[in-house]
Amino acid sequence: MDISFILSVEIGIAILLLLAVFWVKPEYGLFLYGLSLGFPDIAIPLSTAINLRLDDGLIGFFLLRSVLWSPASLTPGQRSIFKSQVCLAAACTLSALVGFARHTPPAAYATIKMIGCVAILIALPRLLLSERRIRFLTVGLMCAGVALMVQIGQRLGSNPANFLGGFQQLKSAAAFATWNPNTIGQASMLLVFAAGLGWIFFRRSRIISGLWFCTATTFSLIPALVFSRGASLSIA
């Protein structure tokens, strides 16, 4: 029997077992989701501008779980959030339909990005129902932030000539293959927000609160150091 076939079956079984664990204990899946954001180059290219990453697959899994498994009815606050999500999805759909009617359909990248945003806004609020799950997601995002800082430092270190070039060259040297150079600023804003969550849910003393503040400050300076868009918002 072909060894590669046996290996593929074993990997498939391992993935199914892992998904079964994430189905029952979604906090572990949330940790992996946050961690995977720190490794954007681990992706399967679908086209020149679209890549399928691990976090995309997990969001799809979380969305399926939120649809198929609802152990408790929605609270009034969750219903309000869900209504706003439906309004966002309707606005995105209407925008796409108007574009098709005018024979100027949105680009595939923009369409996939809108679909991903709607999926995230529907899936994550249904999962983040306890402090434990929020803590797992926060820790995963902090690990991802550290990984991003290390990788950006390695990229700039391997291209020292870009320090003498223009701002665009420096920004491009720090960016990942599957990211727009300005995505660094967007990731920084997410990491600063996650550090704020950590300050809320892990606060035990002034020292720990100070460590979270320093972590948020460090993440906020990443886009400023590489002149990426979003630096001012991250610092704010």
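Refer to the structure printed above.
Treat the numbers as computed from the prediction; the structure is a model and nothing was measured.

J.: I'd like to hear about the packing of aromatic side chains, residue by residue, with values.
T.: Taken as a whole, this structure holds five aromatic pairs when the rule is applied. Geometrically, the ring pair formed by tyrosine 33 and phenylalanine 62 is edge-to-face, given 6.4 Å between the ring centres and 70° between the ring planes. Taken as a pair, tyrosine 33 in helix α2 (residues 26–36) and phenylalanine 62 in helix α3 (residues 54–68) lie far apart in primary sequence, 29 residues in all. The same class applies to tyrosine 33 as to phenylalanine 62, namely buried. Put simply, the rings of Trp23, Tyr33, Phe61 and Phe62 touch in pairs and so form one group of aromatic residues.

J.: Hey, could you go over unusual backbone geometry for me, with residue numbers and the actual values?
T.: Unlike most non-glycine residues, histidine 103 shows phi in positive territory, near 60°. Here histidine 103 shows up in the loop between α4 (76–101) and α5 (108–127). Judged by its relative accessible area of 71%, histidine 103 is exposed.

J.: Give a description of the layout of surface pockets that names residues and reports values.
T.: Quantified by volume, the second largest pocket comes out at close to 280 Å³. Lining the second largest pocket are 14 residues, with Ile15, Arg53, Leu54, Gly57 and Leu58 positioned closest to its centre. Taken together, the elements giving at least two residues each to the lining of the second largest pocket come down to α1 (3–24), β1 (43–45), β2 (51–53) and α3. Among the residues forming the lining of the second largest pocket, the class breakdown is twelve nonpolar, one polar and one charged.

J.: Kindly report on the nonpolar core, identifying the contributing residues and their values.
T.: Membership of the largest hydrophobic core comes to 30 residues, with the highest contact counts inside it found for Tyr33 and Phe62. If one sorts the elements of this core by residue count, helix α6 (residues 131–158) sits on top with seven residues. When near neighbours in sequence (up to four residues on either side) are disregarded, tyrosine 33 contacts Asp55, Leu58, Ile59, Phe62, Ile120, Leu124 and Leu137.

J.: Please set out the environment of leucine 30 residue by residue, giving values where relevant.
T.: Looking at the element boundaries, leucine 30 is found in helix α2. What makes leucine 30 buried here is its relative accessible area of 0%. Distance in space between the C-alpha atoms of leucine 30 and aspartate 55 is 9.6 Å, their sequence separation being 25 residues. Excluding its chain neighbours within four sequence positions, the residues that come into contact with leucine 30 are Phe62, Leu124, Leu127, Leu128, Arg133 and Leu137.

J.: Give a detailed account of the pattern of salt bridges, specifying residues and quantitative values.
T.: Counting across every chain of the model gives four salt bridges. A salt bridge links glutamate 27 to arginine 133; the shortest N-O distance between them is 3.9 Å. Of the two residues, glutamate 27 sits in helix α2 while arginine 133 sits in helix α6, which places them 106 residues apart along the sequence. Exposure class is identical for glutamate 27 and arginine 133. Each is buried. One network of salt bridges, with partners in common, ties together Glu27, Arg132 and Arg133.

About the criteria used
Residues numbered from 1 in each chain as written. Predicted model: local features only at pLDDT ≥ 70, side-chain atom pairs only at ≥ 80, totals over all residues. Heavy atoms only, no water. Phe/Tyr/Trp six-rings, centres within 6.5 Å; stacked < 30°, edge-to-face > 60°. Helix = DSSP H or I, 4+ residues; strand = E, 2+ residues; numbered from the N terminus. Buried < 20%, exposed > 50% of the residue type's maximum accessible area, 1.4 Å probe, protein only. 1 Å grid on protein atoms, 1.4 Å probe; cavity = no way out; pocket = protein on both sides within 12 Å on 5 of 7 lines; lining within 4 Å. Points joined across faces, edges and corners; volume = space filled by probe spheres on them. Nonpolar A, V, L, I, M, F, W, Y, C, P; charged D, E, K, R; others polar. Core = buried A, V, L, I, M, F, W, Y, C linked by side-chain atoms within 4.5 Å. Contact = heavy atoms within 4.5 Å. Salt bridge = Lys/Arg side-chain N within 4 Å of Asp/Glu carboxyl O.

This is a description of form; function is not addressed.
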